[in-house]
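Per-entry structural report
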Amino acid sequence: LENTVLPTRERVYKEVKNSIHFNNMEDFQEWVYKNVVTFLTYYYSKNNTFSKMGAYYLYKLENKLDGLAKIVFIDCDEVKQRYKVNECNVKDKKGEYIFPRMKLAVPPKEKYNPITKKVDIHNEVKYSENNVSTDLMYKFIINNLKSHTQLLDSSNLKSFLQRPLLSKAIIFHEETHA
C-alpha cells in the first residue's frame, strides 16, 4: 500500500469506464429498477484509505469485469447526510466506519413476475471478506454469478464481440423483453 500511487476520487471515476456514480438514492433505485444487469455496488468514503485501495483494484479489474458486472459507486460521505443507507453506517468495535462495503446484485431470470404481477428486484450478495484485493474481489463476483447472460443491442454488441477474455455464445430468438 505504501508504494502504490492511489488515484484521486475523480480520477477513479474517469478511469473506471465500466462504472456509474450515484449520490442520490432515488436515482440509484430508479436505475436498478430499469436495468437488467449484474452490478457491484461499491459503498465508500472518499477519505478512507481502504476505499481508495478498493477503487484502485476495481480500476485494475475493469477489463475482466466488462460484460460481467457494472460497477456502481455510492459515495457514503454524500448520501449519508440525506438518506439512511445501511451499508454506509457499519462500524467496527472501536466505533469507526468500515469501508469499503460491497454488494453484488444479480438480476432475476425474469424481471416481471406474471403470477405476482410484480417486478422482481436483484438478488444481493454481500462481500464478506475482511480484505480487498483484485483476486478476492474477482472471485467474489465470479463465484456469485450463477450464469452470465447479457441482452445485446446496438449499444453494446460491438464491445461484447471485442472482449477477448469472455467466451461467447450468441442465441437469437423472437421473444421481446420488457
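Throughout this document, residue positions are counted from 1 along each chain, in the order its sequence is written. With the structure being a predicted model, the display of local features is reserved for residues of pLDDT at least 70 and the display and counting of side-chain atom pairs for 80 or more, all residues being used for whole-chain, interface and lining totals. To obtain the side-chain values, all non-hydrogen atoms of the structure were included, while hydrogens and water were left out.

In this chain, Phe 99 is followed by Pro 100 through a cis amide linkage whose omega measures -5 degrees. Secondary-structure assignment places Pro 100 in the loop between helix H4 (76-79) and strand S4 (101-106). Helix and strand assignments follow DSSP, with helices taken as H or I runs no shorter than four residues and strands as E runs no shorter than two, numbered in order from the N terminus.

Time to look at the side chain of Glu 87. Looking at where Glu 87 falls in the secondary structure, it is placed in the loop between H4 and S4. Polar contacts involving the side chain of Glu 87 include one to the side chain of Arg 101, which spans 3.3 Å. Here, two residues are considered to be in contact whenever any of their heavy atoms come within 4.5 Å of each other. Beyond its immediate stretch of four places on either side in the chain, Glu 87 contacts Tyr 43, Phe 99, Arg 101, Lys 103 and Lys 126. The definition of a polar contact used here is a pair of N or O atoms within 3.5 Å, where within protein one atom must be able to donate a hydrogen and the other to accept one, and adjacent residues in sequence count solely through side-chain atom pairs.

Let us now look at the environment of Leu 58. With respect to the element layout, Leu 58 can be found in helix H3 (residues 49-65). Along the backbone, Leu 58 and Met 137 are 79 residues apart, and their C-alpha atoms lie at a distance of 8.1 Å. Beyond its immediate sequence surroundings of up to four residues, Leu 58 is in contact with Leu 40, Tyr 42, Leu 65, Ile 71, Phe 73 and Met 137.

Here we come to the state of the cysteines. Here, the word disulfide means a covalent bond between the sulfur atoms of two cysteines. Two cysteine sulfur atoms make up a disulfide if the distance between them is within 2.5 Å. By the definition in use, this model includes one disulfide. The side chain of Cys 76 participates in a disulfide bridge whose partner is Cys 88; the two sulfur atoms lie 1.9 Å from each other. Because the torsion about its S-S bond is -70 degrees, the bridge between Cys 76 and Cys 88 counts as left-handed. Of this pair, Cys 76 sits in helix H4 while Cys 88 is found in the loop between H4 and S4, placing the two residues 12 residues apart along the sequence.

Another aspect to go through is the side chain of Ser 45. Mapped onto the elements of the fold, Ser 45 is located in the loop between strand S2 (39-44) and H3. Owing to a relative accessible area of 11%, Ser 45 belongs among the buried residues under this scheme. Here Asp 77 takes part through its side chain, which lies 3.0 Å from a polar atom of the side chain of Ser 45. Here Ser 45 is in contact with Ser 51, Asp 77 and Phe 99, once residues within four sequence places are set aside. A simple rule labels every residue: compare its accessible area, found with a 1.4 Å probe on the protein chains alone, to the largest value its type can have, and call it buried under 20%, exposed over 50%, or partly exposed in between.

What follows covers helix H5 (residues 134-143). What H5 keeps buried is the set Met 137, Phe 140 and Ile 141. In an axial view of H5, the angular spread of the buried residues amounts to 95 degrees, which keeps them on one side of the axis. Opposite the packed face of H5, turned more than 90 degrees from it, sit the exposed residues Asp 135, Lys 139 and Asn 143. As used here, the arc belongs to the directions running from the helix axis to the C-beta atoms.

Strand S3 (residues 70-75) sits mainly inside the fold: five of its six residues count as buried. Only when DSSP finds a minimum of two bridges between them are two strands counted as paired. Pairing analysis gives four bridges linking strand S1 (residues 19-22) to S3, with the strands arranged parallel. Counted as the bridge partner of His 21 is Phe 73 from S3. If you view a crossover with the strands going away from you and the path from the first strand over the helix to the second runs clockwise, you call it right-handed. For the crossover from S2 across H3 to S3, the handedness is right-handed.

A few words now on H3. Within an α-helix, residues lying three or four positions from one another point in the same direction, as the helix has 3.6 residues per turn. One less than the number of residues in a helix, times 1.5 Å, gives the span that helix is expected to have. Compared with an ideal rise of 1.5 Å per residue, which puts 17 residues at 24 Å, H3 spans 23 Å between its outermost C-alpha atoms and is within 8% of the ideal. We define the bend at each residue as the angle formed by axes fitted to the 7 residues ending at it and the 7 residues starting at it. Tyr 59 marks where H3 bends most, by close to 35 degrees. Turning to H3, its buried residues are Ser 51, Met 53, Gly 54, Ala 55, Tyr 57, Leu 58, Leu 61, Glu 62 and Leu 65. The opening residue of H3, the one whose side-chain oxygen lies 2.9 Å from the backbone nitrogen of Phe 50, is Asn 48. Gly 67, located one to two residues past H3, shows a positive phi value of around 90 degrees.

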